[in-house]
Structures are given as structure tokens and as C-alpha cells.
Amino acid sequence: MTHFAEQALDALTKRGFSKARVQLTESEHHELAAEFGELSLLRTNHDTSISLLGIVDDKQGSVSINKCTHEALHDAVEDLWQVAQGSRPDPANDIAERQPKASFVAGAEVPDHDAMFERLSELLDHSRTQYPTLKMGGAIVTFNKRRSRFLNSNGVDFESRRGSYGMSLMFTAKDGKDTSSFNYTGAALAQLDRPLKDCANADTLMRQTTEQVRTRKVPAKFTGDLVITPESLSDFLGFLTQNISDVPMIAKTSLYHGKLGAKVASAKLSLDSRPRELIGGYAITGDGYPAEDTTLVDAGVLRSNLLSLYGARKTGLTRAATTGGCYVVEAGSTPRDALIGEVERGVLITRFSGGRPNDKGDFSGIAKNSYYIEGGEVRYPLSETMVSGNMAELLANITTVSRERVDFGFAVYPWVRATGIGIS
Amino acid sequence: MSLRDENLAAYGNRMSRYTELRLQKNTNLRISLLNGDVVANAKSADSGISARVFHDGVWGFSSRAEIDGDAITKTIDEASRNAELLAKYAPRSEIELPPARTKKESDFATKKARFSQAQMIAFLQAIDARIAERYPDLKSRSVTLADLDMEKRLYTSEGSDGYSNTTRSLIVVNMVTTNAAGQPVELRQVFGGRGQFEDVFSSPAALDDEIDALHAHLMKKREAVAPRAGVHDVILDSELAGILAHEAIGHTTEADLVREGSVAGDFLDQLVASPLVTMVDYAHTRDGETLPVPVYIDDEGVESRDAVLIENGVLKSFMHNKESSSLFGVNPTGNARAYQFFDEPLIRMRNTAILPGNDKLEDMIASIEDGYYLMWPSNGQADSTSEFMFGVTLGYEIKNGKLGRAITDTTIAGVAFDMLKTVSMVSDEMSWSCAGMCGKKQIIPVGMGGPSIKCRIHIGGQ
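Conventions we followed
Residues numbered from 1 in each chain as written. Chains lettered and ligands numbered in written order. Predicted model: local features only at pLDDT ≥ 70, side-chain atom pairs only at ≥ 80, totals over all residues. Heavy atoms only, no water. Helix = DSSP H or I, 4+ residues; strand = E, 2+ residues; numbered from the N terminus. Buried < 20%, exposed > 50% of the residue type's maximum accessible area, 1.4 Å probe, protein only. Contact = heavy atoms within 4.5 Å. Domains from an automatic or database assignment. Buried area = accessible area lost by both parts, 1.4 Å probe. Salt bridge = Lys/Arg side-chain N within 4 Å of Asp/Glu carboxyl O. Pairing = 2+ DSSP bridges. Axes fitted to C-alpha atoms, helices over the stretch in contact; angles between N-to-C directions. Parallel < 35°, antiparallel > 145°, perpendicular 65-115°, else oblique. Left-handed = near helix turned anticlockwise from the far one by under 90°. Nonpolar A, V, L, I, M, F, W, Y, C, P; charged D, E, K, R; others polar. Patch = residues over 30% accessible without salt bridge, like charges linked within 9 Å, V, L, I, M, F, W, Y side chains within 5 Å. Areas by Shrake-Rupley, 256 points an atom, 1.4 Å probe, with all protein chains shown as cover.

Looking at the environment of Ala392(A)
All names here are of chain A. Looking at the element boundaries, Ala 392 is found in helix α9 (residues 391-396). Of the residues examined, Ala 392 reaches a relative accessible area of 17% and is grouped as buried. With 192 residues separating them in the primary sequence, Ala 392 and Ala 200 have C-alpha atoms 27 Å apart. Residue contacts for Ala 392: discarding those within four places in its chain leaves Phe 239, Leu 255, Tyr 256 and Val 264.

Observations regarding the domain arrangement of chain B
Residue and element names in this part refer to chain B. Looking at chain B, the domain boundaries give domain 1 (3-217) and domain 2 (230-459). In this structure, domain 1 and domain 2 have C-alpha centres spaced 22 Å apart. Listed as interface residues are 48 residues of domain 1 and, on the opposing side, 35 residues of domain 2. Of the roughly 3300 Å² buried at the junction of domain 1 and domain 2 (both faces included), carbon and sulfur atoms supply 59%. The tally of links from domain 1 across to domain 2 stands at 5 salt bridges.

Focus: the sheet that holds strand β9 (residues 279-282) of chain B
Residues and elements named next belong to chain B. Read from one edge of the open sheet, 6 strands run β13-β12-β9-β16-β25-β22, paired in mixed fashion. Two strands in the sheet have a free side with no partner beyond their single neighbour: β13 (314-315) and β22 (431-433). Here β9 runs beside strand β12 (residues 307-311); their pairing, made up of 3 bridges, is antiparallel. What sits directly across from Met 279, in β12, is Ile 310. Taken strand by strand, helix α5 (residues 238-250) contacts β9, β12, β16 (351-354), β22 and β25 (447-450), and its axis lies near 120° from that of β25.

Thoughts on the packing of helix α3 (residues 113-130) of chain A against helix α1 (residues 69-89) of chain B
α1(B) packs onto α3(A) with a crossing angle of 45° between their chain directions and a minimal axis gap of 13 Å. When the axes of α3(A) and α1(B) are compared, the pair comes out oblique. When the axes of α3(A) and α1(B) are compared, the crossing they make is right-handed. Contacts between α3(A) and α1(B) involve Phe117(A), Glu118(A) and Ser121(A) on the former and, on the latter, Leu85(B), Leu86(B) and Tyr89(B). Per-class residue counts for the contact of α3(A) with α1(B) are 4 nonpolar, 1 polar and 1 charged.

Some details on a nonpolar patch on the surface
All names here are of chain B. Residues Leu 327, Phe 328 and Val 330 make up a contiguous nonpolar surface patch of roughly 230 Å² in combined accessible area. Mapped onto the secondary structure, Val 330 falls in the loop between α7 (322-328) and β14 (336-337). Residue Val 330 is classed as partly exposed on the basis of its relative accessible area, which comes to 38%.

Some remarks on the pattern of salt bridges
Per the counting criterion, the structure on display carries 65 salt bridges over all chains. Salt-bridge contacts for Glu342(A) lead to Arg417(A); the nearest nitrogen and oxygen are separated by 2.8 Å. Of the two residues, Glu342(A) is situated in the loop between α8 (336-341) and β14 (345-349) and Arg417(A) in strand β21 (residues 412-423); the sequence distance between them amounts to 75 residues. With a relative accessible area of 34%, Glu342(A) lands in the partly exposed category. For Asp281(B), the salt bridge is made with Arg350(B), and the minimal N-O distance between the two is 2.8 Å. Note that Asp281(B) is positioned in strand β9 and Arg350(B) in the loop between β15 (346-347) and β16, a separation of 69 residues in sequence.

Here it is in C-alpha cells:
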């Protein structure tokens, strides 16, 4: 594999590209899946992908294929030449500068198939015995192994080997003719060293789903609080992370344009991207730099955008040391139950099913698998409940962050309370 | 060599159990201009072989990127071993898969000379230049081309033999302006559909009228008012009726979701909608017209046929693969589809539509005293309870039977099997779209269609 990546880079420079980049990845995917509570599928996928990027006369293109033969490489290089030549010059197109050669290793090398069988069977048994009304529609355990070589014509030479397990669960409860909303959770795991029910809040969500076969609407339309659970927090952070990324920043349509160093959220919110720390992360950025754990928001102040090399050159701002994702929200000091106890009237939201917020951040959507809170207590599961507000204002109106957090392996999130939400 | 010419039947003697052997190539093209700059210019091609083997009620699956004889043999053998291993560990109650043997070919590749990447970029630049010239009031604009070709060659141990090349070419135009408060206001529209670029788009100027209309809507949206939160009389225009058919009803009537507990399982042969509502998941053709995502043979080798889901308001049937059809005691409908060569077939919709009625759109609008005309969707999501939501990016007030001010982006929601009973008018025209990707473990292109319908629905807002 190593040799082929070098051959690909050589072929690109010989073809005439002034700057070139190659990423070659060998991957193996092992999957054990259960449907409707029974093991149903054992899968093994093998793949090899090679991504080529070339710049000539400031014109850039990229081509990716999944064949590592000399004939396929030759065709891909010729194809890339046409793709890049057909583009338009942009001086912002570039590749990473020379850096020391490095190798990054994380996670297991080979899957433990016995553990995959045992842990998934254990979960299915737990679901059957503890939650007889729960229908486990899909339960999947995977092991993914990736070995990548990243080279560019400036002399970047990185190798990354990563192995990680994954868990994905989707379930519904049915009691007679009463049906719950579906619910799901998932995690990236370094090892299968504990029951899957104890990962990613799975057991709590399974129990709650069995409670949610009988639901009620909120008593009336009101303005109140959202207690955002770890399962749902990414829905409410996505507006911020998307709007500090390339396209809205380059187009200057982002609410956060020019806000570096300014307050963009409540002082209670601190948000990092930690691709190196989390097992579900990555070692090399898409541009060809070693990924670094990065603080995006510190006590409400925007500390880093999520700009790529291109975005940084286009805007004149600083390139982020992360490609994003792997978000970690700093824990607060308030116990979760005390956080809920603060809420006079609101919704404990576990899943947000809503339209994409507009550029202003306005949102509305359904609170799924969620509960009505009144007088500091969780009262009953909800149905047909719409929540609406503005994403930027919601982040500014965070009053409390819980002490407890859930580690999903690809993110770590607490419970968060925000005020001023329309609920109907 | 084209996938069409691969002799997969030659591997039939290695198939000792029920086996599907699928050779597949997905080719993606993406070009994006942001304010005139080329910010994406990428091609990708992913191809490989997969085998799926059924043994003692469980499945073994294997895939490889290589597609030579040795790799195909290894893939069949590994899928067989996986099935044997799983069956040894956890055999399931034996399910008899219904046999299927058919031979089908379909090819939606263009017969015209293919455009080069440079020609496509020039085409997009011409669209972009026309937008920049005619609408100087925009704060930002983008023009994006997204092409997908899915080429499949299938052979099953039962002798089914299929070749398909299903293509789609889309151009997405996005415009951003600012309102009086200086806040961004955005609107986007997707053009194109089934076919390759050369067959779908004739000239940049051919999109002028539709882009003019997009800009006119955006200018009205600058002055938009927030809708009033609550339940209102509305007209859902055809795009929204299509996503309603897909999300709200379609997903609940996929047999795997019925097995998982979807409420539709309790409603078979019952009235679930107004008698004005008939809904079908079409395999490939309606009234002689080839639909956006035509499927003639599915990835289990089953000849695809239409699935009538709701007929005159009564829930009639579900969409099936082989396994679910066996469990439900019905014939498979040919809904088993996989997105990539390394994916297993799942029950997926094809071309799902509410059928047109007899009303005129203008009469429908005139019939509403105080409500909304909702036109364009963004995303949507379904649920096992049939509770759905869609984002709405374009809509107008209706006051005293006339269209009024534009409304801001909002979300609509409801319980489908309740909401469909409120349908009181259905327009006599329908349209199709295939801009979306449906997500269900894998993503996959789907077609959606519908007329305009009048109903009562919950709108998010102030």
C-alpha cells in the first residue's frame, strides 16, 4: 500500500500538477446485526480507496477511486488532469506545507468476534427480559479498521492506523395498539469491555421508550425552558459549528462572521473539538495536518472558527487545527436532577425532529421521545409538541450545564438548560 | 468492460445456498460555485462485488473492491462462511424465501456525447453569471451540480439476472439576501432529475424563467412574516404532498418498520385517510411515463411491481422484500434496494405518490378564509407513530381566499393517519421530484410525487 501511494504521487507530479495530494486508505468493516431482536446478518467488507487532488495554474480538482491497479491509477490521473484543467484559477487553492513525517495509531488492530457476539446477545437478552414491550428493530455492532497513508508534493508523509468498535441501536415500544416514537442511540468504542446497555445512555433510553407508548400534548402553548439531553445536544450545536465553517464564512452570510474573540453564547457553554482524544475521531485533517484538539467556544467566547486551509486563505482568517466533529461540551457543576428541578415549565427533549434552521438561526420542530416538565418535575411523555426559537439566542440563553455527561465516543455531552423557547 | 457484459452466471456453481451476487458502480460528480469561485470540483467512482447468502434463517454478506474472478470467488465463499458461522451461533426460525426468477435490463445513460468537466463548469458559470448580472441585490449565491449514476449487475442462485443504470443530474441554485434588519434570508431550488446531465439540461438560459421565479419568491421572503403557531387550514403544494407521501405514510408502510411496531400494522384494511386519498409506491411507470427512480428488478432479483398503499382512504398493503413477504404471506413487491456495492438490500421506497383528484388549485386557495399555502420543503422525518415533520422554506398566507404575505421558514407536523382524514380537496395536477436522498441505515435516491392537497396541519411559528 505504501508503495502505491508513492507511485500515485509520483504520477501526479509527472503529469504536470504543481501541487498534488494523495490519500490511500485500506479498510475492513465487520458487522454483526440483529433485526427484531434476533441475530440476522454477519458482514465483512473490504475496500481500498485512493483520493487524488491536483492543482495546476491555481486550478484544482479531485478524483477518488477504489481500485489500486496501475491501469486504474493511470486513468484516474488523466481524469484528474481534465477535471482540474476544466476548473477556474483560484489562488486560495493550496496544499499543506512540509511537516515532519509522523505515524498515528489508535485502537485495536483486529476485531474480537467472540466479544461482538457476546455483547450483542447480552444486549438482546437484556432488552427481552427487562423491557418486554420494546421492539429492537435494529441492533448492530461493528468493528472498523482503517489504515491510511497521506502524502503531498510538499513532503507531507503521514500514516494513520485506527481500529474501533461501533454500536448502533434503534427501537420502538409497542403495548397493545399503543406505539412509541422510534428512538436510537449509538457509540464509538475502543473495546467491548462493558455491556452495551451501559454505553451511550442506551439502558435509560430503552426504558424511557417503553414509557412513551402513551403520550399527551402539552397543556397549552407557552414560552418555557428546554432541558436538552446529551442525545439531542448536537441538534442545537449544529447551527454554530456549521456557521463557523467555510461556506458561510467565505460568503459572509454567517451570523458569526467577524465574531472571533467575541461572546457568541452563554458563559456556561464551553465547546471543544477533540478528534485526537475521542476513539471516534481522526488523526489527520482533510487538508493534511495533524489534527489537534481545539477549543471552539470558551465560556461563551468564540475562540476558533472551523476553517479549512482553503477557507482560511479565502477569508484571511486562521485555519482550524481540526476538521470539526468530535465535540466535547465542558461539564457544569449542577447535578442533572437539580438542573431539571430549576425548570418551572418546559420540555425535556431527547430527540429534535425539525427543519434545518435558516441562516438567521430560526428553528422549529417536534420534540420526540420527550417529556413535559412542570414545577421542577418530569411529568409525562409528550406527543405532537412543537418547539421553536432561534439557535443563536438559545445558545446565549443557556443557564445551566449538568455535572453528568454521556460519552458517545464521537462526542461527549451533558444536559443543558436553555430558556425562552416557544412550546406548542 | 461494461458491467452489463459481466458473466456472473458463471459463478452459479459456487452458490450452494440462496445467493445474490451484485456488481455495482456508483459514480458521483460534484461541482460547486460560490459567488463565482469554484469551491468544489470532484469526481468519485466506487465499484465492487458483493455476495449475500441465506442459510438457516440468517444472512452472510461479503464485499470487495476488486472485481476479478478470484475476488468474486472469495467474496461468495466469505459470504457463505459468514452465513454458516452465524447460523451455527444463532439459527433463526426457518424462513422460506419466495422464489423469484426474472431477467430485466434498463439503461438511462445518455446517448449523446458526454460533456467534459470543463464544459459542465462553463455551463454552471453561465448560470452563475446570469444570476449575478440580473440580481445584483443578492448577498451571496451558489450554483451546485450533483450527478449520480448507479450501475448494477445482479445474478441470483435462482437465475434472476438484471442490469440497470439509473442516473440523476441535479443543479441546486441558492440565493441569499438580507432583510430590513440586515439578517440573511435564503432560498434554494433544485432543478433536474432522472437522466444524465446532457439529457436533463439543454442550456443555461433554459433555467431563466424558473430562476426568475426563485428570485421573485426570495424578494417576497425578505418581507416575510412568521406564521402563527398552531393548527391551520393549509394547501400543501405538490412538492410538500410528495414528501408527505414519502415521510408520513411511506415509511410507516415499509414492512420492516411494520414488523418493528409501526402503527400502520394495526390499520390494514381500515380507513386511515379521507376517501379522496389514494397513494401508490410505483415501481417504474405511471400512465406510460417513466418515473424518477425506475426499478424494474430489485436487488433480490424480484420483478418490481407497484404497491398500492392507500386506496380511496383505506390502507391496502405494505412494501416488501423477500423475507418480509414470506412472513406476511404475500408476494414480494420488489422494494429491496442497496445504495453501494458494500450495502445489503433494504426495503426502500421507489416512486411514492398521492394521486391527483378533481379540484383546481385556484379553487382550493379561494376556499380558505385564513390559512397558508405551503410550497417548498427542506428536510423531513417520519416516525413509527406516523407522526411526521417537514421543514418548509417557502409559503404564503391565505387571507379571504387570496394569497398574502410570504412566511418565514417553518416546520409543519402532524400524525399522518389523523391529518390525512382532514384532506378535503385534491388538485387535478401532480408533479414528481427526485431531488432527495432518503436515509435508512443507507442513503438512496427516491422519487416523490403528488398533487396539491387541502388539509389541516400544525405549523410551527410564533
